[in-house]
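These are the residues of each chain, in order.
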Amino acid sequence: MPQSADKVLDHEFLFREPEYQSMLEGKKAFEFNHTDDKIKQIIEWTKTEDYKEKNFKRDSLVVNPAKACQPLGAVFVANGFAKTMSFVHGSQGCVAYYRSHFSRHFKEPTSCVSSSMTEDAAVFGGLNNMIDGLANTYNLYQPEMIAVSTTCMAEVIGDDLDAFIKNAKQKGSVPAEFDVPFAHTPAFVGSHITGYDNALLGILKHFWDGKSGAGEALTRVPNDSINFIGGFDGFVVGNMKEIRRIFGLFGVDYTVLCDPSEVWNTPTDGEFRMYEGGTTKAEVERALHAKATIVMQEFCCEKTTKYLKEKGQEVVALNCPVGVAGTDEFVMALSRLTGKPVPAELEKERGQLVDAMADSQAHLHGKRYALYGDPDQMLGLSRFLLELGAEPAHVLATNGDEKWAARMQAVFDASPYGAGCKSYPKRDLWHMRSLLHTEPVDFLIGNTYGKYLERDTGAPLIRMVFPIFDRHHYHRYPTWGYEGGLRVLVNLLDEYFETLDANTIVPGKTDYSYDIIR
Amino acid sequence: MSMTVEERKATNKALIDEVLKAYPEKMAKKRAKHLGTFEEGKPDCGVKSNIKSLPGVMTIRGCAYAGSKGVVWGPIKDMIHISHGPVGCGQYSWAARRNYYIGMTGVDTFVTMQFTSDFQEKDIVFGGDKKLEKIVDEIQELFPLNKGISVQSECPIGLIGDDIEAVSKKKSKEYDNHTIVPVRCEGFRGVSQSLGHHIANDAIRDWVFDGKTRKEHEFVPTPYDVAIIGDYNIGGDAWSSRILLEEMGLRVIAQWSGDGTIAELENTPKAKLNVLHCYRSMNYISRHMEEKYGIPWVEYNFFGPSMIEKSLREIAAHFDDAIKAKAEEVIAKYKPLMQAVIDKYKPRLQGKKVMLFVGGLRPRHVIGAYEDLGMEVVGTGYEFGHNDDYQRTTHYIKDGTLIYDDVTGYEFEKFVEKVQPDLVGSGIKEKYVFQKMGVPFRQMHSWDYSGPYHGYDGFAIFARDMDMAISSPIWGLTKAPWKQAA
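In this report, the structure presented in the accompanying data block is examined. (Residues numbered from 1 in each chain as written. Chains lettered and ligands numbered in written order. Predicted model: local features only at pLDDT ≥ 70, side-chain atom pairs only at ≥ 80, totals over all residues. Heavy atoms only, no water.)

**A few points about the pattern of salt bridges**
All names here are of chain B. The final tally for this structure, using the stated rule, is 81 salt bridges over all chains. A salt bridge links Glu-165 to Arg-184, with the shortest nitrogen-to-oxygen separation between them at 2.9 Å. Of this pair, Glu-165 sits in helix α8 (residues 164-174) while Arg-184 sits in the loop between β5 (180-183) and α9 (193-209); the two residues are 19 residues apart in sequence, bridging distant segments of the chain. With a relative accessible area of 23%, Glu-165 lands in the partly exposed category. In this structure, Arg-280 engages Asp-389 in a salt bridge whose closest nitrogen and oxygen atoms are separated by 2.7 Å. (Salt bridge = Lys/Arg side-chain N within 4 Å of Asp/Glu carboxyl O. Helix = DSSP H or I, 4+ residues; strand = E, 2+ residues; numbered from the N terminus. Buried < 20%, exposed > 50% of the residue type's maximum accessible area, 1.4 Å probe, protein only.)

**Focus: the interface of chain B and chain A**
Listed as interface residues are 122 residues of chain B and, on the opposing side, 100 residues of chain A. Carbon and sulfur atoms make up 64% of the area that chain B and chain A hide from each other, which totals about 9300 Å². For chain B, the biggest contributors to the area lost against chain A are Met-58, Tyr-92 and Lys-436 of chain B; these three give 10% of the whole. The partner of Lys-26 of chain B in a salt bridge is Asp-132 of chain A, and the shortest N-O contact between them spans 3.5 Å. Here chain B is connected to chain A by 44 residue pairs in polar contact (both at pLDDT 80 or more). Its residues placed into classes, the side of chain B that touches chain A shows 61 nonpolar, 32 polar and 29 charged. Sheet analysis places strand β1 (residues 62-63) of chain A next to strand β3 (residues 115-116) of chain B, joined by 2 bridges and oriented antiparallel. Within β3 of chain B, the residue paired with Val-62 of chain A across the bridge is Thr-116 of chain B. (Contact = heavy atoms within 4.5 Å. Buried area = accessible area lost by both parts, 1.4 Å probe. Polar contact = N/O pair within 3.5 Å; in protein donor to acceptor, adjacent residues only side chain to side chain. Nonpolar A, V, L, I, M, F, W, Y, C, P; charged D, E, K, R; others polar. Pairing = 2+ DSSP bridges.)

**Concerning helix α20 (residues 455-471) of chain B**
The terminal C-alpha atoms of α20 of chain B lie 24 Å apart, and with 17 residues this matches the ideal 24 Å at 1.5 Å per residue to within 8%. Taking burial as the measure, the 17 residues of α20 of chain B include 15 buried ones, the bulk of the element. (Expected span 1.5 Å × (residues − 1).)

**Focus: the packing of α9 of chain B against helix α12 (residues 279-293) of chain B**
Residue and element names in this part refer to chain B. One way to put it is that α9 packs onto α12 with a least axis distance of 7 Å and a crossing angle of 35 degrees. Classified by chirality, the crossing of α12 by α9 is right-handed. For the pair formed by α9 and α12, the contact residues are Ser-194, His-197, His-198, Asn-201, Ile-204, Arg-205 and Phe-209 on the first element and Arg-280, Ser-281, Met-282, Asn-283, Tyr-284, Ile-285, His-288, Met-289 and Tyr-293 on the second. A breakdown of the residues in the contact of α9 with α12 according to their chemical character gives 7 nonpolar, 7 polar and 2 charged. (Axes fitted to C-alpha atoms, helices over the stretch in contact; angles between N-to-C directions. Left-handed = near helix turned anticlockwise from the far one by under 90°.)

**Things to note about the pairing of strand β7 (residues 292-295) of chain A**
Residues and elements named next belong to chain A. The side-chain alternation of β7 yields two buried faces, one formed by Ala-292 and Ile-294 and the other by Thr-293 and Val-295. Of the pairings in the sheet, the one linking strand β5 (residues 226-229) to β7 comprises 4 bridges and is parallel in character. Each bridged residue has a counterpart across the sheet, and for Ile-226 the counterpart in β7 is Ala-292. A crossover links β7 with its parallel partner strand β8 (residues 314-317), the connecting element being helix α14 (residues 302-310), and its sense is right-handed. (Right-handed = clockwise from strand over helix to strand, strands pointing away.)

**Topic: the layout of surface pockets**
By volume, the second largest pocket amounts to about 890 Å³. Lys-67, Gly-190, Thr-398 and Lys-426 of chain A together with Gln-120 of chain B are, among the 36 residues lining the second largest pocket, the residues nearest its centre. Every element with two or more residues in the lining of the second largest pocket is listed here: α11 (192-208) and α14 of chain A together with α5 (121-126) of chain B. Here the lining of the second largest pocket is built from residues that sort into 10 nonpolar, 12 polar and 14 charged. (1 Å grid on protein atoms, 1.4 Å probe; cavity = no way out; pocket = protein on both sides within 12 Å on 5 of 7 lines; lining within 4 Å. Points joined across faces, edges and corners; volume = space filled by probe spheres on them.)

**Some words on the nonpolar core**
Phe-330 and Leu-492 of chain A together with Trp-73, Phe-143, Ile-315 and Tyr-370 of chain B are the most contacted members of the largest nonpolar core, which totals 259 residues. Top contributing element to this core by residue count: helix α14 (residues 321-349) of chain B, with 11 residues. When residues no more than four places from it in sequence are discounted, the contact partners of Phe-143 of chain B are Tyr-51, Leu-61, Val-63 and Trp-430 of chain A together with Ile-80, Gly-106, Phe-110, Met-113, Phe-115 and Glu-138 of chain B. In this structure, Phe-87 and Val-174 of chain A together with Val-19 and Val-378 of chain B belong to the second largest nonpolar core, which totals 50 residues. (Core = buried A, V, L, I, M, F, W, Y, C linked by side-chain atoms within 4.5 Å.)

**Comments concerning the side chain of Glu-242 of chain A**
Residue and element names in this part refer to chain A. Within the secondary structure, Glu-242 sits in helix α12 (residues 236-250). Overall, Glu-242 belongs to the buried group, its relative accessible area being 6%. When sequence neighbours within four positions are dropped, the list of residues in contact with Glu-242 reads Glu-349, Pro-478, Trp-480, Gly-481 and Glu-483.

This is the structure in C-alpha cells:
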C-alpha cells in the first residue's frame, strides 16, 4: 500500500508506485493503441523537415493558438474603469471562461456578468436579456457604470447594443443618465487585442461624443496633460505601478485610460472589494483635452489611436517597449511632450540597467530565442534581446498580420544579430513545435502553454507572456521602464543559469562545469 | 455555541429574505424558488433547479459546450476534439480540467491540446462546412494516429445552419469509416453545462455505439467486467478508484472518460455492470446501456472511507461471494490507513463548518468525506443540478442545511459573510473572493491542483488538503495587529 498518513503521497509520486504502474500497464489491454514501433516512428516523423513542410501548409486547422477572443479584451478594459461592471451580452458560458481565465492568471477575483442568452434569445433576440440583465446588475452590484460587450452568439444573430440599451433605459432597467458604454466585440474577428481596442474606443466615444445621444458631445479644450493607454497586458499590475511612478517623476499631469492594476491586486484583509481603483468617469472626460496620448501597444489600439487623432490629440504609438532603447523612446517622448527634462532619477536607473546588462551580457550574447505572444510584446521583447546581443530567431504572433511582420523585419534589419531571424504572423504553437525541432533554439519565451513545447522539444521556457497559470505572481512585477527591463533581464538570466546548472550537474561526469561563480 | 436546528432554520430564512431584497421584485420571486432550507423527511431539498439563470446576476454556470467538450468528450485521449467555431471557447478550456492520462501528446493522445477551426467572419457569412472538411483532411495528415475526431459545436454553428452531421458522415466514409462525431453542444442550448452532458451522451449513443465506424477491438469477456462511468480522472481520481475495483477482483474494461479511449467506449456494452460516479453527467448513457444491452448500473461514492466502504459492498452485491469476500478484504486492508488519517486530522478539524457550491455530484458526494473528518456541511448547492440530484442529496445532508441552487455571486458572498463557515469549497471564480474575506477555501472542481481525492489513497490527500486550508497560519495574519488591538 503506497499511501500513508504520515507522509501523504501526492499525484506526482503516488502513481509511480508499483501498484499503480502495474495497474496502468494492465489498462493498456483495453486501449488498443498503436504499436510502440508505430508511435515511435510518428514521434520521430513529427520532428522532420517533411512534417514541418506539411504542417506549414495547413490553412484551416489551428492547433494550440496563442490568442484568445475579443470579449476577453473587453472584460480586461471594463476592469480598468472605476466601479464598473463588465457586462457581456450573449451566452453565459463565455463569461465563466473569461472570469476563470483571468483569475487563473492573476490569482484574483474577476467580476463580470452575462446576459445569459439561451435558445429563445437565439430566435427572438436578446433584448429581454438586456433589459432584465442591466436591472439585475445595477441593483445587485451597484456599479457606477456598466460596460457592455458581446459574445459571438449575440453578434451572429445581430443584436443591436445601442438600441437595446436605449430600450432598457426606457423600460427603467437603469436610470436614463446612468452610463452604459458598449462595444460590439465579435469573437470571429481579430483577437483579444481587437476586443481591447473596441471596448476602450466604446468607452471613450460614450463620454466624449454625447453618451449615445443622452448628452452633449464634449468640446476639446487642449491642455498640457498626457494620456497613457497600456493595452492588453498580463503584467498590468506591476507595469501600471511603474508607469505611474515614471509619470510622477516627470511631475506631469497625466491620465491613465484603463487601469485594472488595483482591482487585480486587492489585499487579503477580511474584505472582498469588487471594485478598486480604475479610471474614473471624470478622468475619462478630462482625457479628451489632453495634449497627447501615449499608446504603449500600437497593434492593440489601432482604432482608438485613429479616434484620438481625429479628436486632435497627438498620439505616440509604441510597441510595448522593453529594455533600454525602447524605454528611452518612451521617456524621451514624455520629455518632448511635456517640455520637461528626463528626471535624473530615471537617467540613473537607465545607467543601472545598462550596468546590469554589461555585467551579464556575455551569458546571453549569441543565444537563440524563440518567442510567441501578442504583436507589440513580440516587437518589444525582440528589441531587448537584440540589445543584449541575443537572437530572436523565431518570433510568432497568432494574432499578428503582414503589417506586423514587416515591422518585425525592420527590427531584425536594424541589428546585426537580427540576420537570420524570422517572424511568423498568423501561425500557432504547433507550427512553433516544428520550428523548434527543425531549427532549434536555446530558449523559448512564451506563456504557460509553452511548457508543452518545452516538454516536446527541450527548449527551456521563460514565462513572459499572458496567460501564466503555473507560476505565481510574475504579474506583480513590471516589464516596462528601466526597472521592468531589469526584471526581464533577470528572468532571462535565471533560466540561462538554471539550464546551465542542470546540464552540468552529473557528479563525476559533467560537474567540472558546475561552477560556483558565474 | 452551536445553534439548534430550529434556530438555524430561522436564521437561514432571515438570511434568504435579506438577500432577496437586493433584487428587483420580479427577479426576487424567481430567485426565491432556488433558495431554501432542507427539512428532514422531505423527498427533495425544497428548491427549484435546472432553470434558466437570470441575466446579469453573475451566475457561476457555464454552457453546453463546456459540458460536452470540457467534461464528457475532452478527456477521451486518443481522439481529437475540434472546438468548432471562434477561438475563445477552446482557448479558455484548454487543459484546464486536469484530466490526467498516459500517452504521447500530439502523437497518439491529444487531451491537453487545443484544436480549433478558429472561425473568421467569412466562415460566419459563408458557413464553415467546407472548412471543417479541410480540417479533417489536415488532421488525418498531421495526426495520423488519432483514433477519431469529434466536432464540438460552439454557438455560431447552430445559428448559421452548418450541417456538421453531413460533413462528418462524408469524411468518415472517405477515411475508411474513421470515427467522426458531430456534437451539437452550442453554448446557448439549455441552461447550463448540463444539457451539454446529455447531448454528448446522446452523441456517443448515436455515433459510437450505433455508428457505422470501424470497431476493431475484440477481447474475451469475463463475468467480472465492469466499466467506470462518470469519472474524469481529475488529478488521477479514476486511477485511485480503479485500483480498488481491481483489488476486489473485478476487471475494469473501460473508463468514461478520464484517461479513456474510443476502444474502451466501444467495448463498454460488454460490461456486466456499469459503476457510475458522476450521475449528473453520465446517467443518460448508463440508462441507455441498461435498456439496450441490459447492463445494470449502480451509483457509487468513493469520497471518504464511510462512503467507499458502503459503495464497495454495493458494487460487490452485484457479483458472487468471491467478489463479496474480496471487497471485505479490501475494506479491511485499508482500515488501518484510514484510521491513521482520521486520527491525525480529525482532532484538528472536528466541528468545522463547510459550505459547498460545486457541480456534478460533489455538492452531495463529498459530504461523507467531511463528516469522516468530524466536519459539518452547513450549506450546499448545485451549479447545474436537476431535481433528481436534490432528491439524492437528502440522503447526505442534515436537517436545516442551507440550500442554494445556481447561486449568484451576490448571494454566495452574503451567505458566507453571515454563516461564517470555516471552509468554502467551490471553484476558481469564487476562490479569491472568499480568501480576501479571510475564509479558507479549496477548489472542489480541480481539487485546487491537488488530488486524487477519490478512493482510499485519495482520502489521505483530501484530509491533508482540508487541514492545510483551514489550519494555515496565513489566516491569523489577515488583520493588521494595530487594527486587532482596536
